[in-house]
Amino acid sequence: MPLDAFCLRAVKNELSGQITGLKIDRVQQPERDLIILSLRGKDTKGLKLLISAGSNDKRVHLSGFKFDNPKAPPMFCMLLRKHISGAVISCINQPSAERVLIFELKAPDAMGVHSIKSLIIELIGQRPNIILTGNDGIIIDCLRRTGGELNDKRSVLPGLVYRSPPVQEGKTDPLTVTKERFYEQFSKAGDKVIDKWLQEAFSGFSPLICREISWRAYGRTDYRINEVKDNGDKLIKSFFSVLNEDENIPLLIKDEAGKPEDFSFTQIGQYEGSLKTENENSFSELLENFYTRKSLENRMGQRSAATLKLMTNAENRLTRKIVAQKSELEDSKERDYYRRCADIISSNFHLMKKGQNTLIADDFYSENGAKCEIKLDPLKTPQQNAAKYYKAYSKAKNAQQFISEQIAKSENELEYVKSIIQQLKNADSGQDLDEIRNELRITGYVKANKQQKNNKTKQNESLPHKFVSSSGISIYAGKNNIQNDKLTLKTAARNDIWFHAQKIHGTHVIVSAAEGKPDEATINEAAAIAAFYSAARKDNKVPVDYTLIKHVKKPSGGRPGMVIYTDFKTVTATPDENLVNQLRINS
């Protein structure tokens, strides 16, 4: 549980200073376990509070991500809209050492009369919950309804009085424990590893913080209680220093490759350089970077799984087809041998007779005039044997031309399929996936169902990614092949600059020349965007070609997204996600 009670306390303190007094303008529920509250105030607009009650990504923070709404809002979303739309956030409370936040809301009813309601966020266990109660403490409704039986310890159902989650038996609230009580519990701990004992004895701590307390006290995370020689003096000092730090730090912990591994509200020294730590600007940014991107990728992965499997199978099928075609092409190269055999037979009719199995004659194609042996069909006349070899030569010659054309078509098709696979991996929203699937229906990879055939309504097209360089110049990046074609061949001006990762699949990136000639910083930033939205996203250095739009052409019969270009230069770029997010204007 990385988001323990004390990290949540830091989140609560930060949010209290940011959103208290703001009005809930809009309520969305894009996923089963996800609520988005759009907030606005006198001088504030566009803030979005994300509340996730997913078992593996439970959290609360401000978010800048754009989420797709379902066609019909869920019932819980409709209920929240009814009760808290227009409500003002009065304050945010947290029960001591609990992973629970209570948002007190001053909400207007149907008659415009304001009343106090509470939105309770329980980020506990495998069934976190979002609960709405009235001023009387009665549950109006909740995301997950639980209990109802007589022997249930706690029921969360509409109409019941809300009761706080039961306190964990045998655990002490670390915020209320005294030094004397700590020493007393420590003396009875027996022979345990310190971090395990801390987790068993006190509520609200994550394993990471328990290990850190041990490391700060004795320089080890696996230090045992029977090794302690100071009666626990260093341990209690470390324990209270973590609890009573004046300022919390949003700390992201990454592995050597830069992948987020954990996070904390305090400095972490236990890894001693084996993992990197990075201070974020805020706890909302910390949780966004740790959870939201990963959660979005997981959701997109689930939604795109069937289409991705279809295209991966197509990729494998085309790869096998090309191997077989190239093998046929090698076989067709025997055509010169067939012609030589036919010519030699024709020039030696006078030495042959029907019934021969072989012909041994001078090979006038050989530089040294050596003898050659040619197999014959004994049932055919010499003239018929010559005709057989001429026919084989003619067939092989035609086959080579045909197979070469087929290989070129198959290779082009394989490149197109690989580009679709890359775009499926880059998709950020359900609309992106829908547009890719629509392209696949147009190109014949996916059959339209009856509803899609009958639907004559023109779908709203998504906009390309838009960025603004550090020099103030607009940069655009397509999200799919059809959008790439439109962006490059129709929207862009002749003097705009076109970017693409060299010889690998990726998006088309356009730097606008309308704001003036792009400087070196803009060129490098556009190249970084092209590298990030390519198949080489995980590489450190990616060659990116760039040229003027007027040098980019669509080849005859080319699939969507395929272009050829000339007069280009190449720059080496690093796919930097932080840079891409900093420059991004819309998603």
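Look up a bit, the structure's there.
A brief structural summary. Note that the structure is a prediction, hence the values are computed from the model and not measured.

Each value, and the rule that gives it
- Residues numbered from 1 in each chain as written.
- Predicted model: local features only at pLDDT ≥ 70, side-chain atom pairs only at ≥ 80, totals over all residues.
- Heavy atoms only, no water.
- Phe/Tyr/Trp six-rings, centres within 6.5 Å; stacked < 30°, edge-to-face > 60°.
- Helix = DSSP H or I, 4+ residues; strand = E, 2+ residues; numbered from the N terminus.
- Buried < 20%, exposed > 50% of the residue type's maximum accessible area, 1.4 Å probe, protein only.
- Lys NZ or Arg CZ within 6 Å of the ring centre and 35° of its normal.
- 1 Å grid on protein atoms, 1.4 Å probe; cavity = no way out; pocket = protein on both sides within 12 Å on 5 of 7 lines; lining within 4 Å.
- Points joined across faces, edges and corners; volume = space filled by probe spheres on them.
- Nonpolar A, V, L, I, M, F, W, Y, C, P; charged D, E, K, R; others polar.
- Salt bridge = Lys/Arg side-chain N within 4 Å of Asp/Glu carboxyl O.
- Pairing = 2+ DSSP bridges.
- Axes fitted to C-alpha atoms, helices over the stretch in contact; angles between N-to-C directions.
- Disulfide = S-S within 2.5 Å.

**Concerning the packing of aromatic side chains**
- Counted according to the given criterion, the structure contains 21 aromatic pairs.
- When the ring of phenylalanine 263 is compared with that of phenylalanine 290, the centres are 4.9 Å apart and the planes differ by 70 degrees; the resulting orientation is edge-to-face. Taken together, the residues phenylalanine 263 in strand β11 (residues 260–264) and phenylalanine 290 in helix α7 (residues 283–332) connect sequence positions 27 residues apart.
- Exposure remark for phenylalanine 263: the relative accessible area of 1% places this residue in the buried category.
- Here phenylalanine 290 and tyrosine 291 contribute two aromatic rings whose centre-to-centre distance is 4.9 Å and whose plane-to-plane angle is 85 degrees, an arrangement assigned as edge-to-face. There is no split in this pair, since phenylalanine 290 and tyrosine 291 are both buried.
- The rings of Phe6, Phe182, Phe186, Trp197, Phe202, Phe205, Phe239 and Phe240 are connected pair by pair, giving a single aromatic cluster.
- Above the ring of tyrosine 389, the side-chain terminus of lysine 388 is found at 5.1 Å from the ring centroid.
- For the cation-ring pair, arginine 559 lies above tyrosine 416, with the distance from its terminal atom to the ring centre recorded as 5.2 Å.

**Remarks on empty space enclosed by the protein**
- Within the structure shown, the criterion is met by 4 cavities of 30 Å³ or more.
- Counted as a void, the largest cavity has a volume near 100 Å³.
- Taken together, Gln423, Asn426, Ala427, Asp428, Asp432, His465, Gly478, Lys479, Gly506, Thr507 and Tyr533 make up the lining of the largest cavity.
- Across the lining of the largest cavity, the residue classes break down as 2 nonpolar, 6 polar and 3 charged.
- Roughly 60 Å³ of volume is contained in the second largest cavity.
- Contributing elements (two or more residues each) for the lining of the second largest cavity: β1 (23–31) and α7.
- Top element by residues in the lining of the second largest cavity is α7. It accounts for 4 residues.
- Across the lining of the second largest cavity, the residue classes break down as 4 nonpolar, 1 polar and 6 charged.

**Describing the pattern of salt bridges**
- Applying the stated criterion to the full structure yields 23 salt bridges.
- In this structure, the salt-bridge partner of arginine 224 is aspartate 191, at a minimum N-O distance of 3.2 Å. Residue arginine 224 is found in the loop between α5 (207–218) and α6 (233–243), and its partner aspartate 191 is found in the loop between α3 (179–187) and α4 (194–201); the two are separated by 33 residues along the sequence.
- Put simply, glutamate 413 and arginine 559 hold a salt bridge, and the shortest N to O gap is 2.8 Å. Here glutamate 413 is found in helix α9 (residues 382–426), whereas its partner arginine 559 is found in the loop between β20 (552–553) and β21 (564–565), with 146 residues between them in sequence.
- What makes arginine 559 partly exposed here is its relative accessible area of 22%.
- Where salt bridges share partners, they join Arg32, Asp33 and Arg144 into one cluster.

**Overview of the sheet that holds strand β12 (residues 276–279)**
- Read across the open sheet, the 3 strands follow the order β11-β10-β12; overall the sheet is antiparallel. Looking at the sheet topology across the chains shown, the edges are occupied by β11 and β12. The average angle at which neighbouring strand axes cross in this sheet is 25 degrees, direction not considered.

**Brief notes about the state of the cysteines**
- Taken as a whole and judged by the stated rule, the model has 0 disulfides.
- Cysteine 210 supplies the cysteine sulfur nearest to cysteine 7, a cysteine that is in no disulfide, at a spacing of 14 Å.
- Judged by its relative accessible area of 1%, cysteine 7 falls in the buried class.
- A disulfide-free cysteine, cysteine 372 has its sulfur positioned 6.9 Å from the sulfur of cysteine 341, the nearest such atom.
- Residue classification places cysteine 372 among the buried positions, given a relative accessible area of 16%.

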